[in-house]
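Remarks on the overall topology
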Amino acid sequence: MMTTATAYNFAFFDEGSKREIRRATLKAISIPGYQVPFASREMPIARGWGTGGLQLTLSLVGKNDTMKVIDQGADESVNAVNIKKLIENTTGIGKTDETSEATIIQSRHRIPEVPLTKGQILVLQVPLPEPLRAFEASELETKKLHAEKEYSGAWLMLFEQIMKYGNMATDADHPVMVENRYVMAPSPIPRFDNPKMNHSDALILLGAGREKKVYAVPPYTRVVSLAFQDHPFEPESFEGESCKVCGANSVFMDELVEEESGETYYQCNDTSYCIERLNQAQEEGAL
Amino acid sequence: MNEFDSPILSVRHLNKQFGNGCESCRTQNPEQMLKNYCPVCGTVYACKDVSFDVYPGEVLGIVGESGSGKSTLMKCLYFDQEVTSGVAYIHTYKDGKKNLFEESGQYKRYIRNHLMGKVYQNPILGLKMDFSSIGNIAEKLISAGERHVGTMEARGIELLDHVCIPIHRSKEAPKNFSGGMQQRVQIAKALSNKPPLLLLDEVTTGLDLSVQASVLDLIKNLQRELEISIVLVSHDLGVIRMLADRTLVMLEGRVIEQGLTDQILEDPQHQYTQQLVHSLL
Ligand SMILES: Nc1ncnc2c1ncn2[C@@H]1O[C@H](COP(=O)(O)OP(=O)(O)O)[C@@H](O)[C@H]1O
Ligand SMILES: [Mg+2]
Ligand SMILES: [Zn+2]
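Residue indices begin from 1 for each chain and proceed along its sequence in written order. Each chain is given a letter, starting from A, and each ligand a number, starting from 1, according to the order in which they appear as written. In keeping with the model being predicted, local features are shown solely for residues with a pLDDT of at least 70 and side-chain atom pairs are shown and tallied solely at 80 or more, while totals for entire chains, interfaces and linings include all residues. For the side-chain quantities, the full set of heavy atoms in the structure was used; hydrogens and water were omitted.

Each helix is a run of H or I in the DSSP string that is no shorter than four residues. Each strand is a run of E no shorter than two, and both are numbered from the N terminus. When you go through chain A residue by residue, the secondary structure sums to 7 helices and 12 strands. What the globule rule says is 2.2 Å times the number of residues to the power 0.38, and the radius of gyration is computed from C-alpha atoms. Against the 2.2 N^0.38 benchmark of 19 Å for 287 residues, chain A shows a C-alpha radius of gyration of 20 Å, consistent with a compact globule. With the C-alpha coordinates of chain A rotated into their principal frame, the extents come out at 60 × 60 × 35 Å. Whether a residue is buried, partly exposed or exposed follows from its accessible area with a 1.4 Å probe, protein chains only, as a fraction of its type maximum: under 20%, in between, or over 50%, in that order. The proportion of buried residues among the 287 residues of chain A is 52%. By the convention used here, residues are in contact when the closest approach between their heavy atoms is within 4.5 Å. Within chain A, contacts between residues at least 6 apart in sequence are counted, and of these 60% link residues at least 24 apart. Per-residue accessibility takes into account occlusion by the displayed protein chains alone, with areas from the Shrake-Rupley method and a 1.4 Å probe. As presented, chain A carries roughly 13200 Å² of accessible surface, and 49% of it is formed by carbon and sulfur atoms. Two residue types count as positive, namely Lys and Arg, and two as negative, namely Asp and Glu; His and chain ends fall outside the count. For the purpose of locating charges, the reference atoms are NZ of Lys, CZ of Arg, CG of Asp and CD of Glu. Distance from the positive charge centre (29 side chains) to the negative charge centre (41 side chains) of chain A: 11 Å.

Structure representation (structure tokens):
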């Protein structure tokens, strides 16, 4: 992949390209939840592997930033590491695993457990930005539906799930209404993370590389998960369970199977959160 | 129909053309036209100066040969297409004072979702073939603002039962159904919000004769029971005779004759209508 940092401009792109992406981003921030088209660029990473998020990150990053990159909650996954390397090689900025230390957090499929704070930016990678796509194949038509705030299709898809499975079986990417105007795909985060978007202290940006769209949830925006009167929105519940490693509860956990005993157990999905807790406990001498 | 009732729907001077027209066709000099087609610029004048009323509780038939503009007219009324010019009023909508064609997209959706139902000849246009049948009905209810699953499920099952779709098939997708059943699901969907006006475009065309008869029976019964107004389009005068109280005859985009269906059948005035009636006998 990257050999020397000097072969590229700071943050890989030329300044004109960065400016253009930032212009689209500013528009996205001004119209919360609205998908703004942008000229998605070729990257030394295949489209569909986070190039949308990466382009946003590279357009925003400055010399004083500190980066955190996670993939499905893990800082050390191959994808996260590759993206981190590219950012590091082309910017030389520092990186961290600790959510609270990062100024920009790029993530796929999760919002970290440690609450984000004012001044932080969360960049989410998005495979499918259009929440109405399964209902309406044509981009021209979905644009009209958004323009007219006609979201029957989004509710219909939830209704269909209830007819099929008895509940709203969205594993991830449960649609949200942003500031009572645009229905938005929150990216494939678990339902557990949806409420974190509501009235967030941090700026949330969402980028889709293949589909060439950027959209945003500015700080303190109202974000409501779609639900019916008699089928309220319910995040995944881990009631009664706690992380086998750090003991945390009320976080999003993976269900794992102990190979030898065949027993199932739970573990924090957010690895850095889990490690931080372990370290803290060790310092306090609790373990 | 009662003469003293006000119409539920009034349409005046509706024009729809495909193409911009040219010097040659703008005057509509018949010598320069091939029927309603301009051979110079390729413009099709699909509906020309169409005016009519629909009264509460009546079935208005529209008959005419293929290409006479019937479907285009229905598409304009349901806002599937924009008119070139003309006005339409619904008596119960904004006191019947607002030209429907000049309303915004959002208001047009409101009218479609609350005041009208439509059944298309081709069920692909009226149904989501991969969604459940009950979901198809729910779509219209959701569009009209319903957000209670239990209510929609109950209403959907009631409607499907009404159009003789077995309840155990309510969660099946229409793509698994026969043509006649698909039309029944479309009818159930169109009726879901109890609209005062139902638009039916060749709903039995292409179905087997026996299936045709049962769908026509269903429409007749529903219409009597629900007392809704229906605009029924068909190229088949037999269908019109069976259901329509009054009838418009269209030819090359124009209404050439209108009146009570019985009168038109017994004493057709226009030469074209005479041919049509004779071919039925
Ligand atoms: N989208 C279109 N573009 C151009 N011409 C059209 C279009 N739709 C219909 N037409 C023409 O308009 C005329 C009326 O068609 P239509 O309303 O479908 O007639 P009918 O339903 O009576 O058979 C026909 O000549 C048809 O070819
Ligand atoms: Mg037709
Ligand atoms: Zn012409």
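After that view, the rundown keeps rolling.
With that out of the way, let us pick up helix α8 (residues 209-226) of chain B. All names here are of chain B. The end-to-end C-alpha distance of α8, which contains 18 residues, comes to 26 Å, matching closely the 26 Å that a straight helix rising 1.5 Å per residue would cover. Turning to α8, its buried residues number three or more, namely Gln212, Val215, Leu216, Leu218, Ile219, Leu222 and Gln223. The buried residues of α8 occupy an angular sector of 155° when the element is viewed end-on, so they sit on one face. Residues of α8 that are exposed and point more than 90 degrees away from the buried face comprise Leu209, Ser210 and Arg224. A helix is expected to reach a length of 1.5 Å times the quantity of its residues less one. Arc definition: directions from the helix axis to the C-beta atoms.

Our focus in this paragraph is the domain arrangement of chain A. All names here are of chain A. All the domain ranges listed were derived from an automatic or database domain assignment. For chain A, the assigned domains read domain 1 (15-131 + 139-225) and domain 2 (237-287). Computed over C-alpha atoms only, the centres of domain 1 and domain 2 are separated by 26 Å. If you look at the interface, domain 1 gives 14 residues, while domain 2 gives 10 residues. For the domain 1 and domain 2 pair, buried surface summed over both sides reaches about 950 Å², with 55% attributable to carbon and sulfur atoms. When the buried area of domain 1 at its contact with domain 2 is split by residue, Arg110, Glu113 and Phe192 rank highest and sum to 44% of it. Here a polar contact is recorded for every N or O atom pair within 3.5 Å, except that within protein the pair must consist of a potential hydrogen donor and a potential acceptor, and residues adjacent in sequence are included only if both atoms are side-chain atoms. Here domain 1 and domain 2 share 8 residue pairs in polar contact (both at pLDDT 80 or more) between them. The residue inventory of the side of domain 1 that touches domain 2, partitioned by class, reads 5 nonpolar, 3 polar and 6 charged. As a working definition, buried area equals the accessible area (1.4 Å probe) given up by two parts on being put together, with both sides summed. Gly is put with the polar residues, along with every residue not named as nonpolar or charged; the nonpolar set is Ala, Val, Leu, Ile, Met, Phe, Trp, Tyr, Cys and Pro, and the charged set is Asp, Glu, Lys and Arg.

So, about the packing of aromatic side chains. Residue and element names in this part refer to chain A. Two aromatic rings from Phe, Tyr or Trp, using only the six-membered ring of Trp, form a pair when their centres are within 6.5 Å; if the ring planes differ by under 30 degrees the pair is stacked, by over 60 it is edge-to-face, and anything between is tilted. In the structure shown here, the tally under the stated rule is 9 aromatic pairs over all chains. Ring geometry for Phe12 against Phe13: centres 5.4 Å apart, planes inclined by 70°, an arrangement best described as edge-to-face. For the pair shown, Phe12 and Phe13 are each scored as buried. These aromatic residues form a ring-pair network of at least three members: Phe192, Phe238, Phe252 and Tyr266. Geometry around Phe10 places Lys63 over its ring, the cationic atom sitting 5.2 Å from the centre. Consider the ring centre and the ring normal. A charge sits over the ring if Lys NZ or Arg CZ is within 6 Å of that centre and within 35 degrees of that normal. It is Arg181 that lies over the ring of Tyr182; its NZ or CZ is 4.3 Å from the centre.

All names here are of chain B. Two strands pair under a simple rule: DSSP has to find at least two bridges between them. One open sheet accounts for 6 strands, arranged β5-β6-β7-β3-β8-β9; its pairing is mixed. Each edge of the open sheet carries a strand with a single partner, namely β5 (116-119) and β9 (254-260). Adjacent strand axes in the sheet meet at a mean angle of 15° when their direction is disregarded. Inspection of the sheet shows strand β8 (residues 246-251) paired to β9 by 6 bridges, in the antiparallel sense. By the bridge assignment, Thr247 is partnered in β9 with Gly259. Where helices are involved, their axes are fitted lines through C-alpha atoms of the stretch in contact, as for all axes, and angles between N-to-C directions lie from 0 to 180°. Of the strands in this sheet, β3 (59-63), β5, β6 (197-201), β7 (229-234) and β8 touch helix α2 (residues 70-77), which is tilted by about 150° from β6.

A few words on a negative patch on the surface. Residues and elements named next belong to chain B. A surface patch of like charges, here negative, comprises Asp245, Asp262, Glu266 and Asp267. Tracing the backbone through its elements, the reader meets Asp245 in the loop between α9 (237-243) and β8. Taking the relative accessible area as the measure of exposure, Asp245 reaches 39% and is therefore partly exposed. Two distance rules govern patches: like charges are joined within 9 Å, and nonpolar side chains (Val, Leu, Ile, Met, Phe, Trp, Tyr) within 5 Å, applied only to residues with over 30% relative accessible area and no salt bridge. Any Lys or Arg side-chain nitrogen found within 4 Å of a carboxyl oxygen on Asp or Glu counts as a salt bridge.

Each partner contributes residues to the interface: chain B has 20 residues there, and chain A has 19 residues. The contact between chain B and chain A buries some 1800 Å² in all, and 63% of this surface belongs to carbon and sulfur atoms. For the interface between chain B and chain A, the tally reads 1 salt bridge. For the pair chain B and chain A, the number of links is 10 residue pairs in polar contact (both at pLDDT 80 or more). When residues of the side of chain B that touches chain A are traced back to their parent elements, those giving at least two are α3 (105-115), α5 (133-143) and α6 (149-162) of chain B. Looking at the side of chain B that touches chain A element by element, the count peaks at 6 residues for α5 of chain B. Considered class by class, the residues forming the side of chain B that touches chain A number 6 nonpolar, 8 polar and 6 charged.

We now examine the coordination of the zinc ion (ligand 3). All names here are of chain B. Each metal's donors comprise the N, O and S atoms found within 2.8 Å of it (within 3.2 Å for Na, K or Ca). Water is not part of the atom list, so some coordination spheres may appear incomplete. The protein atoms that coordinate the zinc ion (ligand 3) are Cys22 (SG), Cys25 (SG), Cys38 (SG) and Cys41 (SG), at distances of 2.2 to 2.4 Å. Under this scheme a four-donor centre is tetrahedral when all angles range from 85 to 135 degrees, a four-donor centre is square planar and a six-donor centre octahedral when opposite donors are above 155 degrees with the rest from 65 to 115, and any other centre is irregular. If you look at the zinc ion (ligand 3), its 4 donor atoms make angles of 107 to 113° with each other, and the shape they trace is tetrahedral. Counting residues between consecutive donors of the zinc ion (ligand 3) along the chain gives the motif C-x2-C-x12-C-x2-C. With a relative accessible area of 14%, Cys22 lands in the buried category.

Residue and element names in this part refer to chain A. Overall, mixed pairing links the 7 strands, which are arranged β1-β9-β8-β5-β4-β2-β3 in an open sheet. The sheet is open, and its two borders are formed by β1 (36-37) and β3 (94-95), each paired with just one other strand. Packing against the sheet, helix α2 (residues 51-60) makes contact with β2 (66-71), β4 (104-108), β5 (121-125), β8 (203-208) and β9 (213-217), and its axis sits at approximately 130° to β8. Contacting β2, β3, β4 and β5, helix α3 (residues 78-91) crosses the sheet at an angle of about 155° to β2.

Our next topic: the side chain of Thr57 of chain A. On the secondary structure map, Thr57 of chain A appears in helix α2. When residues no more than four places from it in sequence are discounted, the contact partners of Thr57 of chain A are Met67, Ile87, Ile104, Gln106 and Val123 of chain A.

Residues and elements named next belong to chain B. Phe18, Val44, Ala46, Glu65, Ser66, Gly67, Ser68, Gly69, Lys70, Ser71 and Thr72 make up every residue found near ligand 1. At 2.7 Å, a backbone N or O of Gly67 approaches an oxygen atom of ligand 1. Notes on ligand 1: free accessible area 560 Å², of which the protein chains cover 62%. Elements supplying a minimum of two residues to the shell around ligand 1: β2 (44-54) and α2. Considering every element that reaches the shell around ligand 1, the biggest residue donor is α2, with 3 residues. The residue inventory of the shell around ligand 1, partitioned by class, reads 3 nonpolar, 6 polar and 2 charged. One heavy atom suffices: a residue is near a molecule or strand as soon as one of its heavy atoms comes within 4 Å of it.

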